[in-house]
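Summary of structural features
Here are the chains, one letter per residue:
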Amino acid sequence: MASGSYRNGGVKVASKVDRLPSSAGYTTPKPSTKSRLSAAAAPSRRGVSVAPSSSKAGGDSGVPGRVRVAVRLRPRNAEEMIADADFADCVELLPELKRLKLRKNNWDSETYEFDEVLTEFASQKRVYEVVAKPVVESVLEGYNGTVMAYGQTGTGKTFTLGRLGEEDTAARGIMVRAMEDILADTSPETDSVSVSYLQLYMESIQDLLIPANDNINIVEDPKTGDVSLPGATNVEIRDQKSFMELLRVGEAHRFAANTKLNTESSRSHAILIVHVKRSMKGRIDVDHSFHGENSMATNLVSSFRPPIVRKSKLVVVDLAGSERIDKSGSEGHTLEEAKSINLSLSALGKCINALAENSPHVPVRDSKLTRLLRDSFGGSARTSLVITIGPSPRHRGETSSTIMFGQRAMKVENMVKLKEEFDYKSLCRRLDIELDKLIAENERQRKDFEDEIERIRMESENRIAEAERSYIDSLENERLKFQQNYLDSAKKLEEKWKANVDKARTEHQNLCLDNARNVEAPSTSTSDDVGEVRQFQNEKHLRQSTEDEINKLKSEVSRWKQLEEAGNAEILKLHKILDSEVGQKKKLEEEIAILKSQLLQLSFHANETKPSLDRGVPGKLSTGFDSLVSQARHSQLRDSANGPKASIAKLFEQVGLHKILSLLESEDLDVRVHAVKVVANLAAEEANQEKIVEAGGLTSLLMLLRSSEDETIRRVAAGAIANLAMNETNQELIMAQGGIGLLSVTAADAEDPQTLRMVAGAIANLCGNDKLQKRLSREGGIKALLGMVRCGHPDVLAQVARGIANFAKCESRASTQGNKAGVSLLIEDGTLPWIVKNANHEASPIRRHIELALCHLAQHEINVKDMITEGALWELVRISRNCSREDIRLLAHRTLMSSPIFQSELRRLHIEF
């Protein structure tokens, strides 16, 4: 006999038990063809009562719908092997005859028959195939189904039903295996599977997925009598992994206690409800009268007929174990739980007795358990019951009571009902799609019609244009023809006129010749005089044009001379400016040399005052620099009798802040290092901070943080920003210029603890501003703080804790004033686990800040549940009792006393406060 350990009544059987031959399996017979056809042809709208074949609904008994009962024997555990070593088992199993013998004594026994008898060596797979698989197959076909475990505390009910089998897959229980079969037989595209996980505790139905939902009402349909829980969380399941996670969450919230019978005894009835919705394709019944001439109408009617949907649910009930008070040793609150469990199981037994005896009255309203199982016993669900018993003769009375419970349950018959509905929503979606298609087709046809009209119009216009062009061409040809005729006629008339003119000229010339002979001598002298006059006029015109050209050239020369004089004056002016620039350059070079010398001296002082700068908070410089300054070689620094503070102040007055800040952009790395150290020293004084910001020093420091790769520059720049961040106005400027993003990037890249301490100090100062909290969280400031804890350096952790305390204090103040609602941003950014882990840190600065942060977080009631889940309640109790600071101790005590949820949890944990 295998031995094992128990949890919630379960037993861990040796692995060899799960490697039984395949012949030990159980194959569920499929329903007959007749029953399948009758179920498919049922024109149901809501639900149809269908009596499945005996092999499907009644098991091997031949009684449709009868409750099938299997008995499973738990092997002896270690305690029983020692205590009952000299005694025989009180039960004897005859699995091949499906019988069980309960011994009264060594010579007398009673025999009982069950649908299945499972020995202590039966594997989890065989138990599932015998008890639950027929029910799961019925659920997949549209019937409601119930699988329930009943038995004494510690006999293996939770092991049989709810074992997850994470370490050994062969140990998986009925819940896990049933969901595997359901998901394998359903399709996510057409089917849906959703799950609710509840517990019935002290006559109160509570949601195991959302524990705050702790008083769920039972609603009964007055027409059908169906029982539903509309207030329960219903989670849609897509894969086995999400279902396993859901079971783990529910198991963590289930109530359990340590008794003499079981180390972790379930104190509530666990109820898993799986809702299955399947779309039945190919179930469209078409009236044959539409065939023939109305074949198109037939297709239209069949396409618009609503699809059929089968809805079913599988209820898996892990009942709390029945127990006797004298054996379990329950007392106090555990005793009250045991009384409530026994009352609900007693009410269930009364209902089963009434159903087995066909009593006209079944007291289903005596308990919420019987109301929830109304459909499982005497209803429309197919029900399988597994009763678990132990072999110990010390518990023979409880074993006998469990067996009699199973015997009475075998007499209960259910009317198995197939639930089918028309999926009108799916039909509406399909009609909407069809309507969209018709609208699109109509729009397409209208577009084609409009395109056709446009084509005809364009064709008509083209034809009209072509006809107009033909008419214009013909008209033009006619016009040219008539014009050519006109020109020909005019030419002929012109030739005729010329002929007449030539004739008249010839006659005139002949007449002139006759007259010329008479006056030839006087006309020759006249011609000579006319030629001289013309030559004189030509010479006059040429001289005038030459004079005009000369005057024009003279004016051009005068203009160029003026331009030359202006250019010479401009050149002289540029020479003077150039000489001035050269002198200014020499002067600036001398000043730069002086500044470099001063910066070298100040860098020496800054290196000595590094601890003061690294604190990231405004502070005074050490007066020990008086002796160092007196040893400085430069004449201007030898006059600094008041130490580095006086030296920096004198440099500030002599050189000017703008020139110092300009050196932050120098190409020389040493100059930049010395300059940023001087600016950091100046920023340590509150009187200089406003001047630095006004002169653009904050922008220059942020630019250095963004662009510089030198670790020293980044560390000192972060320290200067931390000093400036002490001022509220500067904090808003830092956020406005993206400072939190630069600080976060620096925190992620840096490895030097001192650099991380400077960055953490700057962010911690920003966390103390009420106005910046949402933006600080949104831009990653809190996550940057949390990321710096990787360094592990105490100084860095102290700055991180200070920032979280500042943030929590501001949130607490905003919540008190009504300016904030919702869970703390610190909790949303995941800081609560780190806070709880380091609440009792050995370093007092870290511990003090974290204790203060916990107290402020707990003042807002909406944060309390998350704090209880993460274990912060214990730390608050410790702070209220052992904190070294009285103000924090009193704050923790007042917070615990003022929170109803904290008080309820303390009472539940039996902690006096």
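Above this note sits the structure.
Residues numbered from 1 in each chain as written. Predicted model: local features only at pLDDT ≥ 70, side-chain atom pairs only at ≥ 80, totals over all residues. Heavy atoms only, no water.

What follows is about the nonpolar core. With 90 residues, the main nonpolar core has Ile763 and Met788 as its most contacted residues. Those residues in contact with Met788, other than ones at most four positions away along the chain, are Ala747, Leu756, Val759, Ala760, Ile763, Val796 and Val800. Counting residues in hydrophobic clusters, the runner-up holds 45 residues, among them Leu100, Ala232, Ile271 and Val315. (Core = buried A, V, L, I, M, F, W, Y, C linked by side-chain atoms within 4.5 Å. Buried < 20%, exposed > 50% of the residue type's maximum accessible area, 1.4 Å probe, protein only. Contact = heavy atoms within 4.5 Å.)

The sheet built from 3 strands is open, its strands ordered S3-S4-S5 with antiparallel pairing. Sheet topology places strand S3 (91-94) and strand S5 (109-113) at the edges, where each strand pairs with a single neighbour. Strand after strand, the sheet turns through a mean of 20° between neighbouring axes, direction not considered. Bridge count between strand S4 (residues 99-103) and S5: 5 bridges; the pairing is antiparallel. Considered in S5, the bridge of Leu100 is made with Tyr112. The sheet contacts of helix H12 (residues 396-409) involve S3, S4 and S5, and relative to S4 the element is tilted by about 150°. (Pairing = 2+ DSSP bridges. Helix = DSSP H or I, 4+ residues; strand = E, 2+ residues; numbered from the N terminus. Axes fitted to C-alpha atoms, helices over the stretch in contact; angles between N-to-C directions.)

This next bit is on the side chain of Gln124. Tracing the backbone shows Gln124 in helix H4 (residues 124-140). At 3.1 Å, the side chain of Gln124 forms a polar contact with the backbone oxygen of Ala171. (Polar contact = N/O pair within 3.5 Å; in protein donor to acceptor, adjacent residues only side chain to side chain.)

This part covers the pairing of S3. Pairing of S3 with S4, which is carried by 4 bridges, proceeds in the antiparallel orientation. By the bridge assignment, Val91 is partnered in S4 with Leu102. Hairpin remark: S3 followed by S4, antiparallel, with 4 residues in the connecting loop; positive phi at Lys98, about 55°.

Take the packing of aromatic side chains next. Each aromatic ring pair is specified by the distance between its two centres and by the angle formed by the two planes. Tallied over the full model, the rule gives 2 aromatic pairs. Consider the rings of Tyr150 and Phe405, whose centres lie 3.8 Å apart with planes at 10°: the pair is stacked. Separated by 255 residues along the polypeptide, Tyr150 in strand S7 (residues 145-151) and Phe405 in helix H12 bring together distant segments of the chain. With respect to burial, Tyr150 and Phe405 carry one shared label: buried. When the centroid spacing of 4.1 Å and the interplanar angle of 20° are considered together, the rings of Tyr201 and Phe255 count as stacked. A residue pair is termed long-range when its members are at least 10 positions apart, and Tyr201 in strand S8 (residues 192-201) and Phe255 in the loop between helix H7 (240-253) and strand S13 (256-257) qualify at 54 residues. Above the face of the Trp560 ring, Arg559 is positioned so that its terminal group lies 5.3 Å from the ring centre. (Phe/Tyr/Trp six-rings, centres within 6.5 Å; stacked < 30°, edge-to-face > 60°. Lys NZ or Arg CZ within 6 Å of the ring centre and 35° of its normal.)

When you line up the elements, Asp84 lands in the loop between helix H3 (78-83) and S3. Given the relative accessible area of 2%, Asp84 is considered buried. Separated by 309 residues in the primary sequence, Asp84 and Pro393 have C-alpha atoms spaced 7.8 Å apart. Once residues lying within four places of it in the same chain are set aside, the contact partners of Asp84 are Arg76, Ser392, Pro393 and Arg394.

What follows is about helix H34 (residues 872-882). Within H34, 8 of the 11 residues are buried, which leaves the element mostly enclosed by the surrounding structure. For H34, every residue scored as buried is listed here: Ala872, Leu873, Glu875, Leu876, Val877, Arg878, Ile879 and Ser880. Along its buried surface, H34 packs onto helix H31 (832-837), helix H32 (844-858), helix H33 (864-869), helix H35 (886-898) and helix H36 (900-908).

Before going further, it helps to spend a moment on the state of the cysteines. Overall, the coordinates contain 0 disulfides when judged by the stated rule. Lacking any disulfide linkage, Cys883 is separated from the closest cysteine sulfur, that of Cys855, by 7.4 Å. (Disulfide = S-S within 2.5 Å.)

Let us now look at the pattern of salt bridges. Here the structure, examined in full by the defined rule, presents 37 salt bridges. In this structure, Glu459 engages Arg463 in a salt bridge whose closest nitrogen and oxygen atoms are separated by 2.9 Å. With Glu459 and Arg463 both in helix H13 (residues 424-516) and 4 residues apart, this pair spans about one turn of that helix. One salt-bridge network, in which partners are shared between bridges, spans Glu220, Arg365, Arg371 and Arg374. (Salt bridge = Lys/Arg side-chain N within 4 Å of Asp/Glu carboxyl O.)

An ideal rise of 1.5 Å per residue puts 20 Å on 14 residues; H7 measures up with 20 Å between its terminal C-alpha atoms. Buried within H7 are the following residues: Gln240, Phe243, Met244, Leu246, Leu247, Gly250 and Glu251. Seen from one end, H7 has its buried residues packed into an arc of 160°, which puts them on one side. Exposed positions of H7 whose direction lies more than 90 degrees from the buried face are Lys241 and Ala252. (Expected span 1.5 Å × (residues − 1). Arc of directions from axis to C-beta.)

Looking now at the environment of Gly697. On the secondary structure map, Gly697 appears in helix H22 (residues 697-707). For Gly697, a relative accessible area of 0% puts it in the buried group. C-alpha of Gly697 to C-alpha of Val679: the two residues are 18 residues apart in sequence and 8.0 Å apart in space. Aside from chain neighbours lying at most four places away, what touches Gly697 is Leu661 and Ile692.

Another aspect to go through is the packing of H32 against H35. As a packed pair, H32 and H35 sit with axes 9 Å apart at the nearest point and diverge in direction by 25°. By the angle between their axes, H32 is roughly parallel relative to H35. Remark: the crossing between H32 and H35 carries left-handed chirality. Residues Arg848, Glu851, Leu852, Cys855, His856 and Ala858 of H32 touch H35, and the partners they reach there are Ile888, Leu891, Ala892 and Thr895. (Parallel < 35°, antiparallel > 145°, perpendicular 65-115°, else oblique. Left-handed = near helix turned anticlockwise from the far one by under 90°.)

On to the packing of H34 against H36. At a closest axis distance of 12 Å, the pairing of H34 and H36 adopts a crossing angle of 95°. Classified by the angle between their axes, H34 and H36 sit roughly perpendicular to one another. Only Phe902, Glu905 and Leu906 of H36 make contact with H34, whose side of the interface consists of Leu873, Leu876 and Val877.

Another aspect to go through is a nonpolar patch on the surface. Nonpolar side chains collect at one region of the surface, where Tyr471, Ile472 and Leu475 lie side by side and expose about 360 Å² of accessible area between them. Checked against the element boundaries, Tyr471 lands in helix H13. (Patch = residues over 30% accessible without salt bridge, like charges linked within 9 Å, V, L, I, M, F, W, Y side chains within 5 Å. Areas by Shrake-Rupley, 256 points an atom, 1.4 Å probe, with all protein chains shown as cover.)

Right, let's get into unusual backbone geometry. Positive phi, normally seen in glycine, also occurs at Lys98, with a value near 55°. With respect to the helices and strands, Lys98 occurs in the loop between S3 and S4. The phi dihedral of Met202 falls on the positive side, at around 55°, and the residue is not glycine. You can see Met202 is positioned in the loop between S8 and strand S9 (204-207).

Don't take any of this as a statement about function, it's just geometry.
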